[in-house]
Amino acid sequence: EAGVTQSPTHLIKTRGQQATLRCSPISGHTSVYWYQQALGLGLQFLLWYDEGEERNRGNFPPRFSGRQFPNYSSELNVNALELEDSALYLCASSQTSGGANTQYFGPGTRLTVL
Amino acid sequence: ILNVEQSPQSLHVQEGDSTNFTCSFPSSNFYALHWYRWETAKSPEALFVMTLNGDEKKKGRISATLNTKEGYSYLYIKGSQPEDSATYLCAFLSGYSTLTFGKGTMLLVSP
C-alpha cells in the first residue's frame, strides 16, 4: 500500500511569489492535514480537510490556504511569500476525521523563500 | 493556546541502556495522546494513540503509559539500539479535533 506522497520535495521561491504544495493521501483516507515545521519550532497545525471541506485551520494568516479535491488529494497554497515561510511542510492523512485516528505522514516539502 | 511540553529536549545513551521521556499536556478536555517517531530524512511514524486514563501500550521494546488526570505520558525504550535514534514526538488532542505537538525529544543511541 502506497503511503502519503508529497510534491515537490524541495521548492525555492522568492519573496512575494506564490507556492503550491501537493499531497496525495493513502488510498481510502478522507482526511488530510497540513503542518508547518519552521526552524526551532515544533510541528504547527495549518489546515484540516475532510470530504472536500475545510474543517479547521491553525493560527496562520489567510495567505495560507488550500483545498481538497474529489479524489481526496490536497493542495496547500501560500501567497505573498515571506522569508519566515521557509519551513518543512508536512501533509498527513487519516482514515476518517477525528483525532483518535492515527495520522500517517508524508515525507514533506522543504520550502525555501529567498 | 494549548501547551504540550516534552522533556528532556535531547538524550544521548549507550546501546543497551533503557530510557524514558515525558510528555506533559493539559489535563482538561482530553481526547487522545499520540506518540510518533521521526527519523532524520524520513516521515514521522506513528507509534501509539492513547485515549484512556491508565492506558499502557507496547510495541516491541517501546512502551507508553498515560495519566490523563495529571496530564502526562511516559515513553519507555528498553535496551536502546542505534536504530532507535530519532526524535520522539507527542501530540495532544483536545475536543477541538486538531493535534498540538510538543517539540520532541531527540534521542541518540551510541554503539
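Residues numbered from 1 in each chain as written. Chains lettered and ligands numbered in written order. Predicted model: local features only at pLDDT ≥ 70, side-chain atom pairs only at ≥ 80, totals over all residues. Heavy atoms only, no water.

**Examining the packing of aromatic side chains**
Phase 1: Considering all chains together, one arrives at 14 aromatic pairs over all chains under this definition.
Phase 2: Ring centres 5.4 Å apart and planes at 85° place the aromatic pair Y35(A) and F101(B) in the edge-to-face group. A residue pair is termed interchain when its members come from two chains, as with Y35(A) in strand β4 (residues 31-37) and F101(B) in strand β10 (residues 99-101). Accessibility classification places Y35(A) together with F101(B) in one group, the buried group.
Phase 3: The interplanar angle of 70° and the centroid separation of 6.1 Å between the aromatic rings of Y74(B) and Y76(B) together place this pair among those described as edge-to-face.
Phase 4: Its relative accessible area of 27% is what places Y74(B) among the partly exposed residues. (Phe/Tyr/Trp six-rings, centres within 6.5 Å; stacked < 30°, edge-to-face > 60°. Helix = DSSP H or I, 4+ residues; strand = E, 2+ residues; numbered from the N terminus. Buried < 20%, exposed > 50% of the residue type's maximum accessible area, 1.4 Å probe, protein only.)

**With respect to the interface of chain A and chain B**
Accessible area lost during the coming together of the parts is what is often quoted as the interface size.
Phase 1: Taken together, the contacts link 18 residues of chain A with 19 residues of chain B.
Phase 2: Across the chain A to chain B interface the summed buried area is about 1500 Å²; carbon plus sulfur atoms make up 66%.
Phase 3: Inspection of the region where chain A meets chain B yields 0 salt bridges.
Phase 4: Across the contact surface, chain A and chain B share 2 residue pairs in polar contact (both at pLDDT 80 or more). (Contact = heavy atoms within 4.5 Å. Buried area = accessible area lost by both parts, 1.4 Å probe. Salt bridge = Lys/Arg side-chain N within 4 Å of Asp/Glu carboxyl O. Polar contact = N/O pair within 3.5 Å; in protein donor to acceptor, adjacent residues only side chain to side chain.)

**Observations concerning the pairing of strand β8 (residues 72-77) of chain B**
All names here are of chain B.
Phase 1: Burial of the side chains of β8 is restricted to one face: S73, L75 and I77 are buried, whereas none of Y72, Y74 and Y76 on the reverse face is.
Phase 2: By the bridge criterion, 6 bridges tie strand β3 (residues 19-24) to β8 in an arrangement that is antiparallel. From the neighbouring strand, T19 faces β8, where its bridge partner is I77.
Phase 3: Here 6 bridges tie strand β7 (residues 62-67) to β8, and the two strands are oriented antiparallel to one another. Counterpart to N67 in the pairing with β8 is Y72.
Phase 4: Where β7 folds back onto β8 in an antiparallel hairpin, the turn is made up of 4 residues, including G71, whose phi is positive at roughly 75°. (Pairing = 2+ DSSP bridges.)

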